[in-house]
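Per-entry structural report
Below are the chains, spelled out letter by letter.
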Amino acid sequence: MTAAPYRAELSIAEPEVLLALTGPGGELLQELAKQSEAAINVRGNVVYLAGEEPPVRLAHQFLSDAAELLRRGHELGARDVARALQGLRAHPESSLLDLLDGVILVSQRRRPVVAKTLAQREYIQTIRTHDLTFGIGPAGTGKTYLAMALAASALLERRVKRIVLTRPAVEAGEKLGFLPGDLAEKVNPYLRPLYDALNDMIDFERVEQMRQRSQIEVAPLAFMRGRTLNDAFVILDEAQNATSEQMRMFLTRLGYGTTAVVTGDITQTDLPSGARSGLAEARELLEGTEGIGFCRFSDADVVRHPLVQKIIVAYERADERRRLEGEARRAARERRRLEEGGAHEPRD
């Protein structure tokens, strides 16, 4: 005899919240049913759920928390569902509010920047409470974008006098040769991602005005030498491509009233073979130091196209396989060396 399905329901009083919770053409609830494996139907202002108990409880928690977030002015789309459920499964003690309720208000004219994962929320809180924060993890996890949002918010609220954005001028695996133009034009290709993030949060004309008044400065890492940065929000992006010497130089530039964020992916360095990544060294030397925060992101925190997460996982598996194969080859060579050495030893 088949057990009766577990059932639950959720009443939503506000029509606008119910409409947002359903999504265009019901796509949000369809995605929730697919990802949670619970049957979901809406009649009137009530959402009905049925199925096995764990999926139904998970879907009910998502809907209850999502409704509260929507009441607070957050936006949710079908793409947020899988990531949110993944977070709820990984952190059963947390609510969706814990996972997503990290908001950065940059401008009244633009939508607030909202954390999409628990790691992003912790990253925002760490930056707000530490003078120096390291954000380490794969591409697409929002490390630079969130830091940029906090920097823009701090500047517009006059908590800092300027934003300084910097990154090493290192080609990603290819030589670009001599670039034409003056200094600004030569370094612009390296710094374009920082401009893009900034222009996504503040009107282009206002960004240009701030640049002209030196409130926003974008420069290669090499240009930081000899400076002291006071009352600033400083972001070092792509820090895995900073050498040990460059990282040490950058970290000793920080002055009073300054917040600094260092972001990078240690697994994707473009430094010459044999060169030591300054980000990897800084993590080893500074982790656990009071006043310095370290936040780690994983493929579960990727907020770009869903394929990006799968691509990252595939490459990480390949890297791990190559590492294990290399260790096996080294162990085999060592065994052969010992065997050959033992064969030539004189016998008593």
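Below is a short write-up of the structure.

**Let's talk about helix α7 (residues 143–156)**
With 14 residues, α7 extends 20 Å from end C-alpha to end C-alpha; this agrees with the ideal 20 Å at 1.5 Å per step. Burial of α7 is extensive: twelve of the 14 residues sit out of reach of the surface. Within α7, the full set of buried residues consists of Lys-143, Thr-144, Leu-146, Ala-147, Met-148, Ala-149, Leu-150, Ala-151, Ala-152, Ser-153, Ala-154 and Leu-155. Immediately downstream of α7, the backbone of Arg-158 shows phi near 60°, a positive value.

**Considering the pattern of salt bridges**
Think of it this way: side chains of opposite charge can pair up when their charged atoms draw near. Evaluated as defined, the whole model comprises 13 salt bridges. The partner of Glu-238 in a salt bridge is Arg-167, and the shortest N-O contact between them spans 3.2 Å. One end of the pair, Glu-238, is in the loop between β9 (232–236) and α10 (244–251); the other, Arg-167, is in strand β7 (residues 162–167), with 71 residues separating them in the sequence. For Arg-167, a relative accessible area of 10% corresponds to the buried category. For Glu-284, the salt bridge is made with Arg-276, and the minimal N-O distance between the two is 2.7 Å. Given the relative accessible area of 53%, Glu-284 is considered exposed. Looking at Arg-276, the relative accessible area reads 39%, which means it is partly exposed. Salt bridges sharing common partners tie together Glu-14, Glu-68 and Arg-71.

**As for the pairing of strand β10 (residues 259–264)**
Judged by how many residues are buried, β10 sits mostly within the fold: six of six residues are covered. Of the two faces of β10, both are covered, the one formed by Thr-259, Val-261 and Thr-263 as well as the one formed by Ala-260, Val-262 and Gly-264. Strand direction decides the pairing type here: β9 and β10, joined by four bridges, are parallel. By the bridge assignment, Leu-236 is partnered in β10 with Val-262. Handedness of the crossover joining β9 and β10 through α10 is recorded here as right-handed.

**Here's the deal with the sheet that holds strand β6 (residues 132–136)**
One open sheet holds the six strands; their spatial order is β8-β7-β9-β10-β6-β11, and the pairing between them is parallel. The sheet terminates laterally at β8 (216–220) and β11 (292–296), the two strands that pair on one side only. The mean inter-strand angle of the sheet, taken between neighbouring strand axes irrespective of direction, is 15°. Where β7 lies against β8, five bridges are found, and the strand directions are parallel. Paired with Ile-163 across the bridge in β8 is Ile-216.

Thresholds, definitions, all that
Residues numbered from 1 in each chain as written. Predicted model: local features only at pLDDT ≥ 70, side-chain atom pairs only at ≥ 80, totals over all residues. Heavy atoms only, no water. Helix = DSSP H or I, 4+ residues; strand = E, 2+ residues; numbered from the N terminus. Expected span 1.5 Å × (residues − 1). Buried < 20%, exposed > 50% of the residue type's maximum accessible area, 1.4 Å probe, protein only. Salt bridge = Lys/Arg side-chain N within 4 Å of Asp/Glu carboxyl O. Pairing = 2+ DSSP bridges. Right-handed = clockwise from strand over helix to strand, strands pointing away. Axes fitted to C-alpha atoms, helices over the stretch in contact; angles between N-to-C directions.

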